[in-house]
Amino acid sequence: MKPTSIEVARLAGVSRTTVSFVLNNVKKSGISEATRIKVLNAAAELGYEPNAAAQSLASGSSATIGLVLPDIQHLYVDAFLARVVASVAEESRAQNMKLLIESTDGEASQNYRRLAKSGRVDGLIVVNPREGDYRELSEINRLFMPLVAFGSPSRSIATGYEFSTTGSNNFVNAKLAVNHLIQLGHKKIAHIGFASSTFASVHSRERGWLSALEEAGLDQYAVKEFANLSADSGYQACLRLLQKNTPFSAIFVGNDTVAFGVIKALSDKGLKVPEDVAIVGYDDIPLANYAPIRLTTIKTFPEEHGQKSVAMLLEQLNGNTAATHHRIESQLIVRDSCGPKLTT
């Protein structure tokens, strides 16, 4: 059997509370250096190791980062999100921090606050918050703990709420993708968002698509639909788009996983990519370069985003509480799914 703190206390001739204070390095406990050494020697002699949960309670720190997803089911279908989570986990481990993964599952406000007040985590990384979450995130950051939001704008202009963020510039990148299609001669460019437009990143990409069309005088042709992260949801969204009978020669799709569902729907309806419809995706997931139709897409470096989210949170835990906003530059990767420049 493993030795207990009671046995350490008995051998050292002190109380169990004194053992707890010494082994958990509780500050300002009033314990003399001689007593501290006596306890440490007794623990070493018995081979006693403090319980991690007890250490957390005594020190006031859990050494744990909370990673909050909008829906845990998204990990099953979204290749980009899985890479972000993996990089956060890897970086947390490298920084000697544990990682707790939670999801809001439709009750964001209550679940954010419940986790923040639970004592289980020292700080939060929130992935893809909805714009309606901004007030609650701002309050949690102000009242409870450090927080970094991944995938949100640096600031909600409508509300002025402020908290640290990291991610790609969704608005600018969407314009980059759509302008590439415009430069190829496409005038009727549809859009399929990768999830509900209540998500900040989805809305920003939608606005970027529409802004590019407006600047080119092509917004009269704008038609859109929204998926729900999976390839199957992209397939269904594309069928709904086709049912609108609004002509288009290209589609900007909000992420690559959804884009593959879109390509399959077009094929099932007798339309070829890129001959009949050009496609640009977003994220550059590994499959994008190896699919039968290699996907033109926006490369967004999810591993770097995950690492930066952890680094920014640790800066706050170390006392730098000012809100900061980090953007990692993205790239347009041109492959086969857009085809050549139109000749007519």
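Residues numbered from 1 in each chain as written. Predicted model: local features only at pLDDT ≥ 70, side-chain atom pairs only at ≥ 80, totals over all residues. Heavy atoms only, no water.

In terms of helices and strands, the protein chain carries 13 helices and 12 strands. Partitioning the intrachain contacts of the protein chain with sequence separation of at least 6 by distance along the chain shows that 71% fall at a separation of at least 24. Of the roughly 16500 Å² of accessible surface on the protein chain, 51% is carried by carbon and sulfur atoms. (Helix = DSSP H or I, 4+ residues; strand = E, 2+ residues; numbered from the N terminus. Contact = heavy atoms within 4.5 Å. Areas by Shrake-Rupley, 256 points an atom, 1.4 Å probe, with all protein chains shown as cover.)

Our focus in this paragraph is helix α10 (residues 200–215). With 16 residues, α10 should cover 22 Å at 1.5 Å per step; its first-to-last C-alpha distance of 22 Å lies within 8% of that length. Of the residues making up α10, those classed as buried are Ala-200, Ser-201, Val-202, Ser-204, Arg-205, Glu-206, Gly-208, Trp-209, Ser-211, Ala-212 and Leu-213. Tucked into the core, α10 has its buried residues touching α8 (134–143), α9 (170–183), β6 (189–193), β7 (224–226) and β8 (250–253). Remark: Gly-217 follows α10 within two positions and exhibits a positive phi of approximately 70°. (Expected span 1.5 Å × (residues − 1). Buried < 20%, exposed > 50% of the residue type's maximum accessible area, 1.4 Å probe, protein only.)

By secondary structure assignment, the location of Glu-225 is in strand β7. Leave out the neighbours within four places in its chain, and Glu-225 touches His-191, Ile-192, Gly-193, Ala-237, Arg-240, Leu-241 and Lys-244.

In this fold, Arg-335 is placed in the segment after β12 (331–333). Classification of Arg-335 as buried rests on a relative accessible area of 14%. Of note is the side chain of Arg-335, whose polar atom sits 3.0 Å from the side chain of Asp-284. Every residue in contact with Arg-335, bar those within four places of it in the chain, is listed here: Asp-284, Ala-288, Asn-289, Arg-294, Leu-295, Thr-296 and Thr-297. (Polar contact = N/O pair within 3.5 Å; in protein donor to acceptor, adjacent residues only side chain to side chain.)

A separate point is the sheet that holds strand β2 (residues 98–103). Sheet architecture is open: six strands sit in the order β2-β1-β3-β4-β5-β11, paired in parallel fashion. This sheet does not close on itself; its edge strands, each paired only once, are β2 and β11 (325–327). Put simply, the sheet's adjacent strands are angled 20° from each other on average, direction ignored. Bridge count for strand β4 (residues 147–150) against strand β5 (residues 164–167) is three bridges, and the pairing is parallel. Across the sheet, Val-148 pairs through a bridge with Ser-164, a residue of β5. (Pairing = 2+ DSSP bridges. Axes fitted to C-alpha atoms, helices over the stretch in contact; angles between N-to-C directions.)

The next subject is the pattern of salt bridges. A full pass over the atoms with the stated rule returns 13 salt bridges. Where Arg-335 meets Asp-284, a salt bridge forms, and the shortest distance between an N and an O atom there is 3.0 Å. Here Arg-335, found in the segment after β12, pairs with Asp-284, found in the loop between β9 (278–280) and β10 (297–299); they are 51 residues apart in sequence, far enough to count as distant. (Salt bridge = Lys/Arg side-chain N within 4 Å of Asp/Glu carboxyl O.)

This paragraph deals with the sheet that holds β9. As summarised here, the arrangement of the four strands in space is β7-β6-β8-β9, forming an open sheet in which the pairing is parallel. With one partner strand each, in any of the chains shown, β7 and β9 form the two edges of the open sheet. Strand-to-strand twist of the sheet, defined as the mean angle between neighbouring strand axes without regard to direction, takes the value 20°. Bridge analysis of β6 against β7 gives three bridges, and the strand direction is parallel. Pairing of Ile-192 across the sheet is with Glu-225, part of β7. The strands touched by α10 are β6, β7 and β8; relative to β6, the strand with the most contacts, the crossing angle is about 175°.

Let's shift gears to the packing of aromatic side chains. What the rule picks out here adds up to two aromatic pairs. Ring geometry for Phe-80 against Phe-150: centres 6.3 Å apart, planes inclined by 20°, an arrangement best described as stacked. One end of the pair, Phe-80, is in helix α6 (residues 79–94); the other, Phe-150, is in strand β4, and 70 residues separate them in sequence. Across the pair, Phe-150 and Phe-80 agree in class, each one buried. Ring geometry for Tyr-134 and Phe-163: centres 5.7 Å apart, planes at 70°, overall edge-to-face. Of this pair, Tyr-134 sits in helix α8 while Phe-163 is found in the loop between β4 and β5, placing the two residues 29 residues apart along the sequence. The pair Tyr-134 / Phe-163 is uniform in exposure class, with both members buried. Over the ring of Tyr-282 we find Arg-205, and its NZ or CZ is 3.7 Å from the ring centre. (Phe/Tyr/Trp six-rings, centres within 6.5 Å; stacked < 30°, edge-to-face > 60°. Lys NZ or Arg CZ within 6 Å of the ring centre and 35° of its normal.)

Right, let's talk about helix α11 (residues 231–243) for a bit. Since the α-helix packs 3.6 residues into each turn, any two residues three or four apart lie on the same face. If you check α11, its first and last C-alpha atoms are 19 Å apart, about what 13 residues at 1.5 Å a residue would give, namely 18 Å. On the buried face of α11, the contacting elements are β6, β7, β8 and α12 (256–268).

Position of Ser-309 relative to the elements: it lies in helix α13 (residues 302–317). Those residues within four positions of Ser-309 in sequence are excluded, and the remaining contacts are Ile-125, Val-148, Phe-150 and Thr-166. Polar side-chain contacts of Ser-309 include one of 2.9 Å to the backbone oxygen of His-305.

Take the pairing of strand β1 (residues 64–69) next. Taking burial as the measure, the six residues of β1 include six buried ones, the bulk of the element. Every second residue of β1 is oriented toward a common face, with Thr-64, Gly-66 and Val-68 on one face and Ile-65, Leu-67 and Leu-69 on the other, all of them buried. Pairing analysis gives six bridges linking β1 to β2, with the strands arranged parallel. When the sheet's bridge partners are listed, Leu-67 is paired in β2 with Ile-101.

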